[in-house]
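Listed below, chain by chain, are the residues.
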Amino acid sequence: MDIIKISILGFSGMILGILLKECKPEYSFYISFACGLCILLLATSKVSYLVESLQKIQSNLPVDASYLNILLKMIGLTYIGQFSSSLCRDAGYSAIASQIEIFCKLSLMVISMPVLLTLLDVIQGFLA
């Protein structure tokens, strides 16, 4: 049922933004920002459920906590990067939005390097 709320909120924000773009274009961006922020705040409940699930997995399986922290950082980085680039693109700054997306992709690669290196060590251990 949450998806219906989010969809109605997004659709309402879009309609209001379109209507305001013709008479007050500067308010259209604020509507888009406020609507996106509300949706992002509603998504935090899903992220908190994800964190609880990961903690249950960690308690049942011998998983290093640093790997779960990396996963949570990657999720947060993805959400923030997508939200920021979408806002820039809506405001008409596509070049900045593309740069944000590139930076987020590079940051994800950097954050995931310890996991990749550990995986390569495990594979090397099996082969040796």
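Residues numbered from 1 in each chain as written. Predicted model: local features only at pLDDT ≥ 70, side-chain atom pairs only at ≥ 80, totals over all residues. Heavy atoms only, no water.

Turning next to the overall build of the protein chain. A tally of regular secondary structure across the protein chain gives four helices and zero strands. Reading the protein chain from its N end, one meets helices and strands in the order α-α-α-α. For the protein chain, the C-alpha radius of gyration of 20 Å lies well beyond 14 Å, the compact-globule estimate for 128 residues. Its C-alpha atoms give the protein chain principal-axis dimensions of about 70 × 35 × 15 Å. Within the protein chain, the fraction of its 128 residues that count as buried is 13%. Across the protein chain, contacts joining residues at least 24 apart in sequence account for 56% of those joining residues at least 6 apart. Here the protein chain has roughly 9,400 Å² of accessible surface; of this, 72% comes from carbon and sulfur atoms. A gap of 4 Å separates the mean positions of the 8 positive and 8 negative side-chain charges of the protein chain. (Helix = DSSP H or I, 4+ residues; strand = E, 2+ residues; numbered from the N terminus. Rg over C-alpha atoms; globule rule 2.2 N^0.38 Å. Buried < 20%, exposed > 50% of the residue type's maximum accessible area, 1.4 Å probe, protein only. Contact = heavy atoms within 4.5 Å. Areas by Shrake-Rupley, 256 points an atom, 1.4 Å probe, with all protein chains shown as cover. Lys, Arg positive; Asp, Glu negative; His and termini not counted. Charge placed at Lys NZ, Arg CZ, Asp CG, Glu CD.)

Another point: the packing of aromatic side chains. Following the criterion strictly, the structure yields three aromatic pairs and no others. For the ring pair Phe33 and Phe83, a centre distance of 6.3 Å and an interplane angle of 45° mean the geometry is tilted. Of the two residues, Phe33 is situated in helix H2 (residues 25-60) and Phe83 in helix H3 (residues 65-90); the sequence distance between them amounts to 50 residues. The class for Phe83 is buried, based on a relative accessible area of 18%. Ring pairs connect the aromatic residues Phe29, Tyr30, Phe33 and Phe83, which therefore count as one cluster. (Phe/Tyr/Trp six-rings, centres within 6.5 Å; stacked < 30°, edge-to-face > 60°.)

Our next topic: a nonpolar patch on the surface. There is a patch of nonpolar side chains on the surface, built from Met113, Leu116, Leu117, Leu119, Leu120, Ile123 and Leu127 and spanning about 660 Å² of accessible area. Inspection of the secondary structure assignment puts Leu117 in helix H4 (residues 94-127). (Patch = residues over 30% accessible without salt bridge, like charges linked within 9 Å, V, L, I, M, F, W, Y side chains within 5 Å. Salt bridge = Lys/Arg side-chain N within 4 Å of Asp/Glu carboxyl O.)

This paragraph deals with H4. Spanning 34 residues, H4 covers 47 Å between terminal C-alpha atoms, matching the ideal 50 Å at 1.5 Å per step. At Met113, H4 shows its largest kink, close to 45°, and the proline Pro114 lies no more than four residues downstream. (Expected span 1.5 Å × (residues − 1). Bend = angle between axes of the 7 residues up to and from the residue.)

Glancing now at the layout of surface pockets. With a probe scaled to a water molecule rolled over the atoms, the places where space remains empty come into view. Space inside the largest pocket adds up to approximately 210 Å³. For the largest pocket, the full set of lining residues is Gly13, Met14, Gly17, Ile18, Lys21, Pro25, Ser28, Phe29, Ser32, Asp90 and Ala91. For the lining of the largest pocket, the secondary-structure elements that each account for two or more residues are helix H1 (2-23) and H2. Tallying contributions element by element places H1 first for the lining of the largest pocket, with five residues. (1 Å grid on protein atoms, 1.4 Å probe; cavity = no way out; pocket = protein on both sides within 12 Å on 5 of 7 lines; lining within 4 Å. Points joined across faces, edges and corners; volume = space filled by probe spheres on them.)

In short, the description is geometric, and any link to function would need to be established separately.
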